[in-house]
Amino acid sequence: MRRAAGLTIGIVTAVFACGVVWATWYENSASPRHSGELAAAGLRDAVEITRDTFGIPTIRAQNEHDLLFAQGYVHAQDRLWQMELMRHVGEGTLSELLGDKLIESDRFLRTFGLPRAAAAQEAALDAESRALLTAYAAGVNAFLAEGNALPPEYQVLRAKPRPWTVRNTLAIEKIMALDLAQYGLAVNRTRAVARLGPDAAAVLQPPYASWGPTIIEAVEPPAVPPIAAAMIEAGSIARASNSWVVGGARTASGKPILANDMHLALRVPSIWYLVALHVDSAAVVGMSIPGAPYVVAGHNRAIAWGLTNASVDDADLYAERIDPADSTRYLTPHGSEAFTFVTDTIRVKGRDVPEVLRYRMTRHGPVISDVVTGLVDTVTRGDARARGDSPVRDVIAVRWIGQDVSHTMRALPMLMRARGWDDFRAAVALFNNPHQNVVYADTAGHIGYIMAGRIPDRGGRLPPSLPVPGWTGEWDWNGYLPFDRHPTVFDPPSGYVVTANNRQAAGALADLVSDGWETPFRAARIRDMIVGTSQKLDADAVHRMQLDVKDMSALRYRDRAVAAATAIGDTTVALQLAQWDGNATRESTAATVYYLFINRLTRGLAASLYGDSTGWLSREMVDNVLEQRAVTWKRNGTAVAFETVASTAMRKAIALADGRAWGSVHQVSAEHALGSVTALERVLKLNIGGVPASGSMTTVNVSHWSTLADGDVFLASVGASQRHVVD
């Protein structure tokens, strides 16, 4: 027995030692080379890559071809798995990589048109852009050709990377554009109308707050499947973001200062890859995206720029009426037209037989109701049913800006070389997808703002919030608004520009852009911090502004919470809330009560409107209820008093808060794409968090959360993905 035991221990020790040796070899071979010389086929001249103590590369090349070749190489060195995942999102082939649970996501991505849009973009490339994108792809493939150990995700999934292509890069732009599209808002509104009817659902869409700041302060003449949504979010530029620029009259240096923090899904690894690119007389430093060349936001030697989501209404839903005489056709202003039927196959990991996907195309775009349920609005058919008419058969098609060819890849090198406002404006004119608010500063002392991205021309009509008739032609797009009509300001008299996904302007022009902006509280707080100080600003002061957690929404509506606590007889909590300064710090117990109150109030309002708490509510609608201190709708003919809903919400909030500090119930996390696999997470520790966090959905240092369990844990997975300040 002793010999057998000794032999067993010896075998285990040997296996463990071999495992350690393999792990050491793997770690060494998988780590990027940061020193020495490499001979790479395809380079025209020598390229130098240096890295700082954080591993951030600076690339110096003698021509732009070699610059992008080297950028592709370092992206692949450090972020190959991330690029692989983005490739599968753009192709709609997630189930090929991750299995049959992703089939629904692939159906949506392919029907919506990400692969088609990337293919059309590739076909329309000019020769120069094609050559430079090919150089970037060649750099990625040069790294693959070296035969280095693959990242561990490949080992776990038993996958191998295919060569990178120009189309894979172009698909990343489409992924970002889809994440920013207003499609999801249109789907939520459509489903709400189907449940409530158009009159009752009108409360979900209040106008932009009359007191809310605009970017230009002078008045100017189907839901995505959950897994697909998470994958798209991982490649987004920004769901909500802050950017502002202040002129030299307000700064210690006498020169402008630009600040930008882009808010998006927090992932492991981050979407951003910091890099410095130098070629001949041009240099640019900032945020790049693995899988795509150049820098998206940053600065060169003359100008700086930052981005926030412009919230352009860039996706319309069309009710297409099927021809009563022939179900393979649908009605148009010019008569009946045949659907284009598309058959596609989806390869699924672990299956020998591929999944078959069939969908229909119309003159507006794909029939999205074929793959997203609950979009067809049956409420509006009630009059036909009442008359005893035959049911009308409609399907829902989607028209999306991302389906059109854009020129963003031409804009990025122009930004790298821009020397002033005119160069910047020419570049932004080509940055037509995805839509962005772009703030500007330069070393000559100028500041400015331009809205980038296309605005559909609907014949002067405001964007529709619900499916519109596709057979009449009255809602067809007539191209896009001319770029010279985009909201723009240069050297404003105020000496600053603030963007936080708020309305672009107070005039009619902004009505053509959208009706789905973010609430104005972050913009108001940034503006107040700029104008409310007598001190000259420097970079450190501006960075502290980025970390600010004073909640203007809480300060505006705090007295509603105080009144609710008073109404239920809890004077201690009422006094605590009344004395709260509105700072959503980790240590604050008042913040815990307030945000739980808002959470429970929102649930109560949903139950009042829909009959249960699962219905969709816009934040603007909840703010409008708080603003008016009134529930303006009736259910089953009975009105509900705001005070009743608020009192119930406060009782639940106090019980859940239980005296805890905000940081104990509000945590932030960053998740890996494979982090939901319990065995992998246990061994590899792929996810980061949760970490106690400050902030809220309406603070400058933002936190977009979802609630867990019984609503007493707020888990933030969307926030500031990066911050940069340029003096």
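In this convention, every chain numbers its residues from 1, walking through the sequence in written order. Only residues with pLDDT of at least 70 are given local features in this predicted model, and only at 80 or more are side-chain atom pairs given and counted; all residues enter the totals for whole chains, interfaces and linings. As a convention, hydrogens and water are excluded, and side-chain values are obtained from all of the structure's heavy atoms.

With respect to the overall build of the chain
Then, number 1: Helix and strand assignments come from DSSP, with helices taken as H or I runs of at least 4 residues and strands as E runs of at least 2, each series counted from the N terminus. For the chain, the helix and strand inventory stands at 24 helices and 26 strands.
Then, number 2: For the exposure calls, accessible area comes from a 1.4 Å probe over protein chains only, and a residue counts as buried if that area is under 20% of its type's maximum, exposed if over 50%, partly exposed in between. Each of the 727 residues in the chain was classed as buried or not, and the buried ones make up 55%.
Then, number 3: Summing over all exposed atoms, the chain offers an accessible surface of approximately 30100 Å²; the carbon and sulfur share of this is 54%. Computed with a 1.4 Å probe, the accessible areas rest on the Shrake-Rupley method; for each residue, only the protein chains presented here act as cover.

Here's the deal with the side chain of S588
Then, number 1: For S588, the position within the fold is in the loop between α19 (571-579) and α20 (589-610).
Then, number 2: Judged by its relative accessible area of 10%, S588 falls in the buried class.
Then, number 3: One polar contact links the side chain of S588 to the main-chain amide nitrogen of A591, over a distance of 3.0 Å.
Then, number 4: Residues count as neighbours in contact if any of their non-hydrogen atoms are within 4.5 Å of one another. In this structure S588 touches W580, N583, R660, A661 and W662, once residues within four positions along its chain are discounted. Here a polar contact is recorded for every N or O atom pair within 3.5 Å, except that within protein the pair must consist of a potential hydrogen donor and a potential acceptor, and residues adjacent in sequence are included only if both atoms are side-chain atoms.

Some points on the environment of A418
Then, number 1: By the element assignment, A418 lies in the loop between α13 (408-417) and α14 (421-430).
Then, number 2: In this structure A418 comes out as buried when scored by relative accessible area, which is 1%.
Then, number 3: Along the chain, A418 and A282 lie 136 residues apart, while their C-alpha atoms are 8.8 Å from each other.
Then, number 4: Apart from residues lying up to four places away in sequence, A418 is in contact with N300, A302, I303, D423 and F424.

Concerning the pattern of salt bridges
Then, number 1: By definition, a salt bridge exists where a carboxyl oxygen of Asp or Glu is found within 4 Å of a side-chain nitrogen of Lys or Arg. By the definition in use, this model includes 26 salt bridges.
Then, number 2: The partner of R162 in a salt bridge is E91, with the nearest N and O atoms 2.9 Å apart. With R162 in the loop between α7 (152-157) and α8 (166-180) and E91 in helix α2 (residues 64-91), the pair connects residues that are 71 residues apart, well separated along the chain.
Then, number 3: The class for R162 is partly exposed, based on a relative accessible area of 33%.
Then, number 4: For D476, the salt bridge is made with R363, and the minimal N-O distance between the two is 2.8 Å.

Some points on the packing of aromatic side chains
Two aromatic rings are characterised by how far apart their centres lie and by the angle between their planes.
Then, number 1: Only Phe, Tyr and Trp rings take part, Trp by its six-membered ring, and two of them pair if their centres are within 6.5 Å. Stacked means planes under 30 degrees apart, edge-to-face means over 60, and tilted covers everything else. Using the criterion set out here, one finds 20 aromatic pairs in the structure.
Then, number 2: Measuring from ring centre to ring centre gives 4.7 Å for W421 and F490, while their planes differ by 40 degrees; the resulting arrangement is tilted. One end of the pair, W421, is in helix α14; the other, F490, is in strand β19 (residues 488-490), with 69 residues separating them in the sequence.
Then, number 3: A centroid spacing of 6.2 Å and a plane angle of 90 degrees characterise the contact between W580 and Y595, whose relative ring orientation is edge-to-face. Within this pair, whereas W580 is found in the loop between α19 and α20, its partner Y595 is found in helix α20, the two being separated by 15 residues in sequence. For the pair W580 and Y595, one class covers both residues: buried.
Then, number 4: The rule is short: NZ of Lys or CZ of Arg within 6 Å of the ring centre and within 35 degrees of the ring normal puts a charge over the ring. In this arrangement the basic side chain of R360 is found over the ring face of F339, its NZ or CZ atom lying 5.0 Å from the centre.

Description of the sheet that holds strand β7 (residues 282-288)
Then, number 1: Each pair of strands is called paired provided DSSP finds at least two bridges between the two strands. The strand order across the open sheet built from nine strands is β1-β2-β6-β7-β8-β9-β16-β17-β19, with neighbouring strands paired in mixed fashion. For this open sheet the edge positions go to β1 (48-51) and β19, each flanked by a neighbour on one side alone. In this sheet, neighbouring strand axes are inclined to one another by 15 degrees on average, regardless of whether the strands run parallel or antiparallel.
Then, number 2: By the bridge criterion, seven bridges tie strand β9 (residues 303-309) to strand β16 (residues 436-442) in an arrangement that is antiparallel. Bridge assignment links L307 to a residue of β16, and that residue is V438.
Then, number 3: To get an axis, fit a line to the C-alpha atoms, keeping to the stretch in contact for a helix; angles then go from 0 to 180 degrees between the N-to-C directions. In this fold α2 packs onto β1, β2 (57-61), β6 (273-279) and β7, with an angle of close to 160 degrees to the strand it touches most, β6.
Then, number 4: Strand contacts of α14: β9, β16, β17 (447-452) and β19, with the helix running at about 15 degrees to β17, the strand carrying the most contacts.

Examining the side chain of S721
Then, number 1: Along the chain, S721 turns up in strand β26 (residues 713-726).
Then, number 2: Residue classification places S721 among the buried positions, given a relative accessible area of 18%.
Then, number 3: Looking at S721, its side chain comes within polar contact range of the side chain of W272, at 2.8 Å.
Then, number 4: Among residues more than four places away in sequence, those in contact with S721 are M262, H263, L264, L266, S270 and W272.

Considerations on unusual backbone geometry
Then, number 1: At the junction of N433 and P434, the peptide bond is cis and its omega measures out at 0 degrees in the coordinates.
Then, number 2: Summarising the element assignment, P434 is placed in the loop between α14 and β16.
Then, number 3: A cis amide bond links G689 to the next residue, G690, at an omega of -5 degrees.
Then, number 4: Its location among the elements puts G690 in strand β24 (residues 688-692).
Then, number 5: Of note, D280 is a non-glycine position whose phi angle comes to about 35 degrees, a positive value.
Then, number 6: Here D280 is to be found in the loop between β6 and β7.

Concerning the pairing of β9
Then, number 1: Most of β9 sits out of view: seven of its seven residues are buried.
Then, number 2: Here strand β8 (residues 297-300) runs beside β9; their pairing, made up of two bridges, is antiparallel. Residue pairing across strands places G298 opposite W305, the latter belonging to β9.
Then, number 3: In this structure, the hairpin formed by β8 and β9 is closed by a connection of two residues.

Things to note about α20
Then, number 1: Over its 22 residues, α20 extends 32 Å from the first C-alpha to the last, a length consistent with the 32 Å expected when each residue adds 1.5 Å.
Then, number 2: For α20, the capping residue at the N-terminal end is S588, with a side-chain oxygen 3.4 Å from the backbone nitrogen of A590.
Then, number 3: Of the residues flanking the end of α20, it is G611, one or two places downstream, whose phi is positive at about 100 degrees. Multiply 1.5 Å by the residue count of a helix minus one, and that product is the helix's expected span.

Focus on the sheet that holds strand β10 (residues 315-321)
Then, number 1: Spatial ordering of the open sheet is given by β15-β10-β18, a layout of three strands whose pairing is mixed. Two strands bound the open sheet, and with one partner strand each, they are β15 (394-400) and β18 (468-469).

So, the packing of helix α4 (residues 103-112) against helix α5 (residues 114-123)
Then, number 1: Taken N-terminus to C-terminus, the directions of α4 and α5 make an angle of 40 degrees; their axes are 4 Å apart at the nearest point. By the angle class used here, α4 and α5 are oblique. Residues L109, R110, T111 and F112 of α4 pack against L114, P115 and R116 of α5.
Then, number 2: Classification used: nonpolar for Ala, Val, Leu, Ile, Met, Phe, Trp, Tyr, Cys and Pro, charged for Asp, Glu, Lys and Arg, polar for all others including Gly. Residues belonging to the contact of α4 with α5 are distributed by class as follows: four nonpolar, one polar and two charged. Under this scheme an angle from 65 to 115 degrees is roughly perpendicular, one under 35 degrees roughly parallel, and one over 145 degrees roughly antiparallel; angles in between are oblique.

Remarks on the pairing of β17
Then, number 1: Along β17, six of the six residues are buried, which leaves the element largely enclosed by surrounding structure.
Then, number 2: The side-chain alternation of β17 yields two buried faces, one formed by I447, Y449 and M451 and the other by G448, I450 and A452.
Then, number 3: As defined by bridge partners, β16 adjoins β17 across six bridges and the pair is classed as antiparallel. Residue pairing for β17: Y440 is matched across the bridge by G448.
Then, number 4: Counting the residues that bridge the hairpin from β16 to β17 gives four residues, and of these G445 lies at a positive phi of roughly 100 degrees.
Then, number 5: Inspection of the sheet shows β17 paired to β19 by three bridges, in the antiparallel sense. Paired with G448 across the strands is F490, a residue of β19.

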